[in-house]
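Chain by chain, the residues run as shown.
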Amino acid sequence: MPGGKKKKLTKAEQLKLLQEEEERRLREEEEARLRYEKEEQERLEIQRLEKEKWRQLEEKDRQRRREELEELYLLEACFPEAEKLKQETRLLSRWKHYIQCDGSPDPSVSQELNTFITLWEEETNETFEQVIEKSKLVLSLIEKLKLILMETPLYELEDKTIKQYQGSILQLQELLHLKFNVATEILLRHASTLADLDSGNMERIIHGENLTLYIWANLKKNPRHRSVRFSETQIGFEIPRILAASDIALRLFHTHYDHITPLRPMPPPPPLPEEEENTPTVPEIVKEEVKVVEEAVNQEDQEESRQQESESNLINEEEVRVEDQGDLVHEVRTVSVKEESEPPKCEPKIALLSKKISAAQLLLIKNAPEKPGIFEENEVDLFQFTTLGGVYNLEILELPPQCKPVKGWMIVELLKEGLQKYTYPPETVEDNETENAFPPIEVTVEIHENVVFFEDPEVVRWDAEGQYWRTDGISNISYKQKERLITFSLDTFGPITLIQDTHINMPYQSWELRPMDSNTVLLTVTTVFTELQIQIKENLCMLASIKLKDQEHLSILEGKWMAPVPFIIALKEAGLNIFPSEYSHFYVVMNSKVREHLAEEPAESPPWELLLFSGDRAQRLRVDEDSECFSEALREDTEFHATLLHMVKDFASPEAMDRVRAAQCLVIDSVCHLLFSTRLLSYS
């Protein structure tokens, strides 16, 4: 067309286009409606099928639920059986202690322990070496009492028994401390005869299995001799001029154990089930056997005192008694077999014991509802921090009168008040004296070689009046990690210790529980600072290996088999604490340092199977650990089960399930105790 003009549509053509567009719109809406109805029908059909499948799975779960729970109950019978074996072990341990006749008391028998304490109190003029030798027995008695309190189930401990054992521990600790003071006084009386030829002062280092004594007596009182270093060590003091010119002695008494921190109260026993509270349980049966042994022992002692038989006859009686004890344990096991053959009579007893054991296990994973109470200013929160490496008892002592040789005799003046402390700084200061005349005293101590500090340790001192550790009064702290030396300044002397964050290894980065040989399990726990491998066999645990980042360390615990409770205590005392307390959830958080570490060193591992257990039903989940959101959707081609055990059974090999069924009850009990104690699921 000329000029390129567009042809104008007529009204008829415009109307036709509108009709066509309307028809197309209606056709598209109809197609969308049909497509939606089809999709909705398909969705409803899928939903119906899923509901039907879910109903069938639930019905199948209900049909076999009783069978699965019965199988679980049979497997859980290992816990009462393990408890019975542990009771028998404790019974035999007491019997073996009796027949040893080594003169050491049974700490659980108050009469024997009181006799031992009374006899030792009467002994006088013991040297420090003699007290150190005797302290081995005393510390072992304290350790036995603590283990009894920790290992004995709470439902078997009475309040009066707990008070008796804790009172005995305090009594032994006080007597041991008194004996060390008396022995120190005797040693200082002979300071002049033990003086060093070069300095003219006395210096002694006495090593023991559980303690070390460093003592220095200022005989020359040279005001220029202000640096005290014990020979062949860097341990010592920097003292002010006023002390260098005084009649004093400095004592650094390092006990490798903590005898200062008060004992924590025992948790209340779990409530007994309302029904069958008076039904005798298996532990009570074993207790009756313990009473039989004690009565037999007492009767035998009476016969020995009356008849005064010859030594050979006594030996024969001991042999007969061992045979009787063997018969006794055999009878306990025979009774158990008979009870198992009569389910109606034994079932209530075993059921009640199982409930008590379950309640005791739940106490291990109980979270306190409230944070510990209000603390004093500068007081150490012992729920957040742990004392490590023992206690360093630092004291300035008044030098007692020295022994003097007179015509072949040694004459010494005995002070009625005994060993006296030198007060520094003095309680009252004269007007012409300034505070600078009594500066803080610099101290250098060595950290125990068997203790691990993942960060620089913090130094705290004991408040005798308030009965707690506090952080003030200490300054200029420096730590040499390679030499394991820590230097600090103290305003006043007294007991000091080192503390570390209790939860420094929490949360865990990863963990793995792997079966090894028959009835042997390896538990690996990886934290920010370390990797621990714990081997479990029967009723024993062993630290198989320890790997520390950025430092070399060989623990004396490696390769040493111990029962679970003392093993846990030993790891805590070594600074390898992976055992949360009921208050730990108030202190453990995923801080930035942990997040950075996880980002720098990501763990490479195959995808995990995610399982869900609601308490009534176990199922495998469709989601995995990389899913963006959580869903309870059931994984395809899987079923519901009454327990996690039977859920795992669906994809576990027959050999694996055979090993589960063949596992010894003590192994299962030990693994369960460690899993409850570490709470790996909650703190990972």
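Residues numbered from 1 in each chain as written. Predicted model: local features only at pLDDT ≥ 70, side-chain atom pairs only at ≥ 80, totals over all residues. Heavy atoms only, no water.

Novice: Any chance you could break down a nonpolar patch on the surface for me, citing the residues and the numbers?
Specialist: On the surface, Leu611, Phe613, Leu644 and Phe651 cluster together into a nonpolar patch covering about 310 Å² of accessible area. The residue Leu644 is located in helix 12 (residues 644-649) in this model. Residue classification places Leu644 among the partly exposed residues on the basis of a relative accessible area of 36%. (Patch = residues over 30% accessible without salt bridge, like charges linked within 9 Å, V, L, I, M, F, W, Y side chains within 5 Å. Areas by Shrake-Rupley, 256 points an atom, 1.4 Å probe, with all protein chains shown as cover. Salt bridge = Lys/Arg side-chain N within 4 Å of Asp/Glu carboxyl O. Helix = DSSP H or I, 4+ residues; strand = E, 2+ residues; numbered from the N terminus. Buried < 20%, exposed > 50% of the residue type's maximum accessible area, 1.4 Å probe, protein only.)

Novice: Residue-level account of the side chain of Arg470, with values.
Specialist: Here Arg470 shows up in strand 11 (residues 468-470). Of the residues examined, Arg470 reaches a relative accessible area of 14% and is grouped as buried. Only 3.4 Å separates the side chain of Arg470 from the side chain of Tyr468, close enough to count as a polar contact. Here the side chain of Arg470 touches Asp472 through a polar contact of 2.6 Å, side chain to side chain. Here Arg470 is in contact with Glu377, Asn378, Glu379, Val380, Val460, Arg461 and Asp463, once residues within four sequence places are set aside. (Polar contact = N/O pair within 3.5 Å; in protein donor to acceptor, adjacent residues only side chain to side chain. Contact = heavy atoms within 4.5 Å.)

Novice: Quick one: what's the story with the environment of Phe383, residue by residue and with numbers?
Specialist: Among the structural elements, Phe383 can be located in the loop between helix 9 (343-364) and strand 6 (385-398). Note: C-alpha distance between Phe383 and His503 (120 residues apart in sequence) is 9.6 Å. What Phe383 contacts, discounting residues up to four positions off in sequence, is Arg264, Pro372, Phe375, Thr502, His503, Tyr583 and Tyr587.

Novice: So what about the environment of Leu540? Which residues, and what values?
Specialist: Structurally, Leu540 is set in strand 18 (residues 540-548). Assessed through its relative accessible area of 31%, Leu540 is described here as partly exposed. Residues Leu540 and Val565, 25 residues apart in the sequence, show an inter-C-alpha distance of 9.5 Å. Among residues more than four places away in sequence, those in contact with Leu540 are Gln535, Trp561, Met562, Ala563 and Ser670.

Novice: Before we move on, could you go through unusual backbone geometry and cite the residues and values that matter?
Specialist: Between Tyr424 and Pro425 the backbone carries a cis peptide bond, its omega angle lying at -10 degrees. Looking at the secondary structure, you find Pro425 in the loop between strand 8 (409-411) and strand 9 (441-446). Of note, Glu232 is a non-glycine position whose phi angle comes to about 60 degrees, a positive value. Along the polypeptide, Glu232 turns up in the loop between strand 3 (227-229) and strand 4 (236-238). At Asn378, a position not held by glycine, the phi torsion is positive, near 70 degrees. Tracing the sequence through the fold places Asn378 in the loop between helix 9 and strand 6.

Novice: Let's hear about the sheet that holds strand 4: which residues, and what values?
Specialist: Read across the open sheet, the five strands follow the order 3-4-9-13-12; overall the sheet is antiparallel. Two strands in the sheet have a free side with no partner beyond their single neighbour: strand 3 and strand 12 (474-480). Ignoring which end each strand starts from, the neighbouring axes of this sheet average 15 degrees apart. With five bridges joining them, strand 12 and strand 13 (residues 485-490) adopt antiparallel strand pairing. The partner of Ser475 across the bridge, within strand 13, is Ser489. (Pairing = 2+ DSSP bridges. Axes fitted to C-alpha atoms, helices over the stretch in contact; angles between N-to-C directions.)

Novice: Report on the sheet that holds strand 14 (residues 495-501), specifying residues and quantitative values.
Specialist: Ordered in space as 1-2-5-6-14-10-11, the seven strands form an open sheet in which the pairing is antiparallel. The open sheet terminates on both sides in strands that have one partner only, identified here as strand 1 (202-207) and strand 11. Along the sheet, successive strands turn relative to each other by an average axial angle of 25 degrees, direction set aside. Inspection of the sheet shows strand 6 paired to strand 14 by six bridges, in the antiparallel sense. Counted as the bridge partner of Thr387 is Ile499 from strand 14. On the sheet, helix 4 (residues 128-151) packs against strand 1, strand 2 (211-217) and strand 5 (248-255) and is oriented at approximately 20 degrees with respect to strand 1.

Novice: Which residues make up the pattern of salt bridges, and what values go with them?
Specialist: Counted by the stated rule, this structure contains 32 salt bridges. Glu45 is paired through a salt bridge with Arg48; the nearest N and O atoms lie 2.6 Å apart. Taken together, the positions of Glu45 and Arg48, both in helix 1 (residues 11-76) and three residues apart, correspond to about one turn of that helix. Under the relative-accessibility criterion, Arg48 is labelled partly exposed at 45%. With its nearest N and O atoms 2.6 Å apart, the salt bridge here joins Asp472 to Arg470. Of the residues examined, Asp472 reaches a relative accessible area of 23% and is grouped as partly exposed. The network of salt bridges with shared partners includes Glu83, Lys86, Arg90 and Asp669.

Novice: Before we move on, could you go through the nonpolar core and cite the residues and values that matter?
Specialist: When a protein is soluble and globular, its nonpolar side chains tend to lie buried together. One finds Phe128, Leu172, Phe180 and Leu188 to be the most contacted residues of the largest nonpolar core, which totals 37 residues. When residues of this core are traced back to their parent elements, those giving at least two are helix 3 (110-122), helix 4, helix 5 (159-189), strand 1, strand 2 and strand 5. If one sorts the elements of this core by residue count, helix 5 sits on top with 10 residues. The residues contacting Phe180, other than those within four sequence positions of it, are Phe128, Val131, Ile132, Ser135, Leu211, Arg251, Phe253 and Tyr257. Among the nonpolar cores identified, the runner-up in size contains 33 residues, and Leu532, Ile536, Leu543 and Val667 belong to it. (Core = buried A, V, L, I, M, F, W, Y, C linked by side-chain atoms within 4.5 Å.)

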